[in-house]
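# Residue-level structural notes
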Amino acid sequence: MDLSSFLQALIPSWNSAYLLLGFFAYLAIAGSIVLGKLVPGVVLADGTRLHYRCNGLVLLLLLVALLGISAKMDFVSPTAISERGFELLSTTFIFSFLVTLALYFAGCKSHSKSSSLKPHTTGNLIHDWWFGIQLNPHFMGIDLKFLFVRAGMMGWLLINLSVLAKSIQDGTLSKSMILFQIFCALYILDYFVHEEYMTSTWDIIAERLGFMLVFGDLVWIPFTFSIQGWWLLANEVKLTTTTIIANCPVFLIGYMVFRGANKQKHVFKKNPKAPIWGKPPKVIGGKLLASGYWGIARHCNYLGDLLLALSFSLPCGISSPVPYFYPIYLLILLIWRERRDESRCAKKYKEMWTEYRKLVPWRILPYVY
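First things first, this report covers the structure right here in the doc.

Conventions used here
- Residues numbered from 1 in each chain as written.
- Predicted model: local features only at pLDDT ≥ 70, side-chain atom pairs only at ≥ 80, totals over all residues.
- Heavy atoms only, no water.
- Axes fitted to C-alpha atoms, helices over the stretch in contact; angles between N-to-C directions.
- Helix = DSSP H or I, 4+ residues; strand = E, 2+ residues; numbered from the N terminus.
- Parallel < 35°, antiparallel > 145°, perpendicular 65-115°, else oblique.
- Contact = heavy atoms within 4.5 Å.
- Buried < 20%, exposed > 50% of the residue type's maximum accessible area, 1.4 Å probe, protein only.

### Looking at the packing of helix α1 (residues 3-10) against helix α5 (residues 85-109)
- At a minimum axis separation of 7 Å, α1 and α5 run at an interaxial angle of 55°. Compared by their axis directions, α1 and α5 come out oblique. Contacts from Phe6, Ala9 and Leu10 of α1 reach α5 at Phe86, Glu87, Leu89 and Ser90.

Quick look at the structure:
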């Protein structure tokens, strides 16, 4: 695709806007009425806590089923997303920009004193728009931060499935595409099986909702995490059975570390005395978990994340760096984020964090970093 064709493809259309708005309408309406486990969030600074209806798995399966039936009846095209990829990318970017402007101005007008809605402004419009000024803004009773995280993960799967449909339609379906699709689908489904763990993550409990998070959730996650699928549509990769088998341990080890670490942290926050690997947890100052994965590295969940990202790219072979954009970007992001986390934790926990660093000297990968 030449530059002129690329720029032409980026022009938003009403069809892409309808697809996007229909997607959000479904998530907002179905998310409010479909039954699901009501999970209490962490206690906020003012002593309050939000509650989250974790029905994401049901919503996702229902949405895929509805789209599958609609495609079978020729109401929708299963390749609609893959054929409008760049349109949807630019449309979603514009949507993210407009939404965060609305969040900024609505937040500035807020007089709420609650931890969730109290505005935090610096006087720098760009800074406040980028990082957000409210922790958990709502619209018509819907927690927007939780909605956008959910939309990004579901959008990722929908893009992948549309790319899969396109490869089947074009007769280019390969073992590489199948392996990539399986790894991503398992990861996304697992995310929604354990959706309640998201309620205790840093993004939910500490990051304010600004362009950084909204863009990350709605644009970056679905459109860059699916790059491997787009690349495989245009490039043929022939994997041997041995190569396929060799790729699986990378995914499985990454999953084990990522899911295990996040589960241990979530359980610890709910019950600090819960056993870790069959033993009483080692806790510093009553707040910092230093057992299990968190006794191996201070940010060991990032290691799992990196291995999973690598497993999504390995099915593409090594002929091009393009499919490895995601793991390379993620490595840079997580090192930056780990440094930011270290600085925040040092200020928050003071001597306890110093003790934790002595007990657990490794940041992400033991004996390396």
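From this point, the discussion proceeds with the structure in view.
### Re the environment of Leu89
- Position of Leu89 relative to the elements: it lies in helix α5.
- You can call Leu89 partly exposed: its relative accessible area is 26%.
- Each C-alpha atom, one on Leu89 and one on Val219, is 6.8 Å from the other, the two residues being 130 residues apart in sequence.
- Ignoring any residue separated from it by four or fewer positions in sequence, one finds Leu89 in contact with Leu10, Val219 and Phe223.

### A word on unusual backbone geometry
- Backbone geometry places Met140, a non-glycine residue, at a positive phi of 55°.
- Looking at the secondary structure, you find Met140 in the loop between β3 (138-139) and β4 (142-143).
- One non-glycine residue, Tyr367, adopts positive backbone phi at about 70°.
- Its place among the elements puts Tyr367 in the segment after α15 (351-359).

Any functional reading would require information that these geometric values do not contain.
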